[in-house]
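Spelled out from the first residue to the last, the chains are:
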Amino acid sequence: MNRMMKNWIAGMTIPSLLLVSACGSGTSTQTSQPAQQPKAEEPKKEAPAAEPAKSDGDIKERTIKFGIGLNEDHPTGVSINKFKELVEQKSGGKIKVNNYFSATLGDDIKMTEALQGGLQEITLPSTSPLVGTVKEFGIFDFPFIFNNEKEADAILDGPVGQKVLEKLPEHGLVGLGYWENGFRNLTNSKHPVATMDDFKGLKIRTMQNNVHLEAFKTLGANPTPMAFSEVFTALESKAVDGQENPLATIKSNKFNEVQEYLSLTKHVYTPFVFLVSKIFWDQLSPEEQKIISESAVEAGKFQRELTRQSNEKDLEDLKQAGMKVNDVSDEEKKKIQEALQKPVIDKYAKEFGEDLFKEMMGELAKLR
Ligand code: KDG
């Protein structure tokens, strides 16, 4: 994106009604509060002509491009198809959603940029590669921060998650809530990873995220950041020894074909963020925004349930497919977490915003 476009996006604000719809109704069935509304401003002159939002009840013929890196058979792919169904049904067939799976529109960063430029309407990236755009997403990347999905839901659907979503509009993006990528587990082709020492020397692909990189480095591994679409080939060619992802992704992307060991490290939880292009969003009528945000929330609930239900079967299937699976004891996880506290968590909490980090930890303490 060129500088003029960036400046223009940074200068844009959303008419207050639209923002309430994006951040309020988008998460209204969850526990978060409506967003603070910035004052409406005239868009700057060089803005592409966006059609003004019309009155309630106005639904136009539109086509949405929705892209993701995962495959269609992944629980998230199934749920994106559910989103399509909901939008098409709620709009009486006027709004069409075309889904593009398996990174056919590019990786998470590329699709996010396409949204900012108004070239694509929706994507559902992991929050981790987005820290270059909204650094606060990084607080979700800390190892062992969430003990279970219930804690993740409470933080993401609560005020902390909402505050991070509110950073998106100034970057040309609108966030309609969080779906689940999930707890990540390590696979590799060398040996089981059951202790802190077992990480040493392993070449591991990570997402494009400094916390992940630094954490694996601190454990003595050799991390390489890489877009998701390149992972299978990198594992197959042995350019890297391992990677880490939730079980559904390991299965859907057939990493078991090129990885022998699956260690249930559950070292970090990754959210997906439901992103809409702000250029597109601002063209929609309140009625159209409502259809999209309600469908995102409804399909998101379905997605979390489906992902959680499939975990057990995914593990069974991966074992059946020949992966050698091992657990990591709580004691060992604690040792790893302690080793990462100072060089990773304390260091990056300062960078991402200590107040927000403290707020998250305070909320988590209340839940425990
Ligand atoms: O589009 C989603 C995927 O590309 C990605 O976010 C999956 O967790 C993931 C990874 O490891 O890159």
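Calculation rules
- Residues numbered from 1 in each chain as written.
- Predicted model: local features only at pLDDT ≥ 70, side-chain atom pairs only at ≥ 80, totals over all residues.
- Heavy atoms only, no water.
- Helix = DSSP H or I, 4+ residues; strand = E, 2+ residues; numbered from the N terminus.
- Contact = heavy atoms within 4.5 Å.
- Areas by Shrake-Rupley, 256 points an atom, 1.4 Å probe, with all protein chains shown as cover.
- Core = buried A, V, L, I, M, F, W, Y, C linked by side-chain atoms within 4.5 Å.
- Buried < 20%, exposed > 50% of the residue type's maximum accessible area, 1.4 Å probe, protein only.
- 1 Å grid on protein atoms, 1.4 Å probe; cavity = no way out; pocket = protein on both sides within 12 Å on 5 of 7 lines; lining within 4 Å.
- Points joined across faces, edges and corners; volume = space filled by probe spheres on them.
- Nonpolar A, V, L, I, M, F, W, Y, C, P; charged D, E, K, R; others polar.
- Phe/Tyr/Trp six-rings, centres within 6.5 Å; stacked < 30°, edge-to-face > 60°.
- Near = heavy atom within 4 Å.
- Polar contact = N/O pair within 3.5 Å; in protein donor to acceptor, adjacent residues only side chain to side chain.
- Axes fitted to C-alpha atoms, helices over the stretch in contact; angles between N-to-C directions.
- Parallel < 35°, antiparallel > 145°, perpendicular 65-115°, else oblique.
- Left-handed = near helix turned anticlockwise from the far one by under 90°.
- Pairing = 2+ DSSP bridges.
- Salt bridge = Lys/Arg side-chain N within 4 Å of Asp/Glu carboxyl O.
- Expected span 1.5 Å × (residues − 1).

K.L.:
Please explain the overall build of the chain as it appears in this structure.
P.N.:
Secondary structure summary: the chain contains 13 helices and 11 strands in total. Taking as baseline every contact in the chain between residues at least 6 positions apart, the subset at least 24 positions apart corresponds to 77%. For the chain, the computed accessible surface area is about 15800 Å², with 50% contributed by carbon and sulfur atoms.

K.L.:
I'm lost on the nonpolar core in this one. Help?
P.N.:
Where a protein is soluble and globular, its nonpolar side chains tend to be buried together. Counting 45 residues, the largest nonpolar core has Phe137, Ile139, Phe140, Phe142, Phe146 and Met360 as the members making the most contacts within it. Broken down by secondary-structure element, the contributors of at least two residues to this core are helix H5 (149-157), helix H6 (159-165), strand E4 (173-183), helix H7 (210-218), strand E10 (269-277), helix H12 (330-352) and helix H13 (354-367). With 7 residues, H12 is the largest single contributor of residues to this core.

K.L.:
Is there a simple way to think about empty space enclosed by the protein in this case?
P.N.:
Applying the stated criterion across every chain yields a total of 2 cavities of 30 Å³ or more. Quantified by volume, the largest cavity comes out at close to 230 Å³. Considering the residues around the largest cavity, the lining is formed by 24 residues, among which Asp108, Ser126, Arg205, Met207 and Phe228 are closest to the centre. Class assignment of the residues belonging to the lining of the largest cavity gives a composition of 12 nonpolar, 8 polar and 4 charged. The computed volume of the second largest cavity comes to approximately 110 Å³.

K.L.:
How do you make sense of the packing of aromatic side chains when you look at a structure like this?
P.N.:
Note on aromatic pairs: each is described by the distance of the centres and the angle between the planes. One pass over the structure, following the stated rule, counts 12 aromatic pairs. Centroid distance Phe183 to Tyr269: 5.2 Å. Interplanar angle 75°. Geometry classified as edge-to-face. Here Phe183, found in strand E4, pairs with Tyr269, found in strand E10; they are 86 residues apart in sequence, far enough to count as distant. Residue classification places Tyr269 among the buried residues on the basis of a relative accessible area of 2%. Centre to centre, the rings of Phe228 and Phe255 are 6.2 Å apart; their planes meet at 65°, and the pair counts as edge-to-face.

K.L.:
What am I meant to see in the site of the ligand here?
P.N.:
Taken together, the neighbourhood of the ligand is formed by Ile68, Gly69, Asp108, Ser126, Asn181, Arg184, Arg205, Met207, Phe228, Asn245 and Phe272. In this structure, an oxygen atom belonging to the ligand sits 2.8 Å away from a side-chain N or O atom of Arg184. Between Asn245 and the ligand, the recorded distance is 3.1 Å, taken from a side-chain N or O atom to an oxygen atom. Summarising the interface, the protein chains cover 97% of the accessible area of the ligand, which totals 330 Å² for the free molecule.

K.L.:
Any chance you could explain the layout of surface pockets here in plain terms?
P.N.:
Where empty space is left can be seen by rolling a probe of water-molecule size over the atoms. In this structure, the largest pocket spans a volume of roughly 640 Å³. Around the largest pocket, the lining is made up of 32 residues, and of these Phe146, Asn147, Phe183, Lys266 and Lys333 lie nearest the centre. Elements supplying a minimum of two residues to the lining of the largest pocket: E4, helix H9 (247-252), helix H11 (286-320), H12 and H13. When grouped by side-chain class, the residues that make up the lining of the largest pocket number 13 nonpolar, 8 polar and 11 charged.

K.L.:
Can you help me understand the packing of H5 against H13 in this one?
P.N.:
Two quantities define a packed helix pair, namely the angle between the axes and the distance from one axis to the other. Contact geometry of H5 with H13 gives a least axis separation of 10 Å together with a crossing angle of 135°. With respect to their mutual orientation, H5 and H13 come out oblique. Read as a crossing pair, H5 and H13 show a hand that is right-handed. Contact residues: H5 offers Glu151, Ala154 and Ile155, while H13 offers Met360, Glu363, Leu364 and Leu367. Across the contact of H5 with H13, the residue classes tally to 5 nonpolar, no polar and 2 charged.

K.L.:
Before we go on, may I ask you to explain the sheet that holds E4 in this structure?
P.N.:
Each strand in a sheet pairs with its neighbour through backbone hydrogen bonds, running either in the same direction (parallel) or in the opposite one (antiparallel). Across the sheet, 5 strands lie side by side as E2-E1-E3-E10-E4; this open sheet has mixed pairing. Two strands in the sheet have a free side with no partner beyond their single neighbour: strand E2 (95-100) and E4. Of the strand pairs in this sheet, strand E1 (residues 62-67) and E2 are connected by 6 bridges, and their pairing is parallel. Bridge pairing links Gly67 to Tyr100 in E2. Contacts from H11 reach E1, E2, strand E3 (122-123), E4 and E10, with the element oriented near 5° to E4.

K.L.:
Just checking my understanding: could you explain the pattern of salt bridges for this structure?
P.N.:
Any two side chains of opposite charge can pair, on the condition that their charged atoms come close. For the structure on display, the rule yields 24 salt bridges. As a salt-bridge pair, Arg308 and Glu180 come within 2.5 Å of each other at their nearest N and O atoms. Within this pair, whereas Arg308 is found in helix H11, its partner Glu180 is found in strand E4, the two being separated by 128 residues in sequence. Take Arg308: its relative accessible area is 27%, and that puts it in the partly exposed class. Look at Glu180 and you get buried, because its relative accessible area is 2%.

K.L.:
I would appreciate a short explanation of helix H3 (residues 75-90) in the present structure.
P.N.:
An α-helical turn contains 3.6 residues, so a residue and the one three or four places further along point in the same direction. With 16 residues, H3 extends 22 Å from end C-alpha to end C-alpha; this agrees with the ideal 22 Å at 1.5 Å per step. Where H3 is concerned, the buried positions are Pro75, Thr76, Gly77, Ser79, Ile80, Phe83, Leu86 and Val87. A positive phi of about 60° marks Gly92, the residue just after H3.

K.L.:
Can you help me understand the pairing of E10 in this one?
P.N.:
Each regular strand displays side chains that alternate between the two surfaces of the sheet. Here E10 lies mainly inside the structure; 9 of its 9 residues are buried. Side chains Tyr269, Pro271, Val273, Leu275 and Ser277 project from E10 onto one buried face, and the interleaved Thr270, Phe272, Phe274 and Val276 project onto a second face that is buried too. Two strands pair when backbone bridges link them, and E4 and E10 are joined in this way by 8 bridges, in the antiparallel orientation. Each residue of the ladder has a partner; that of Glu180, found in E10, is Pro271.

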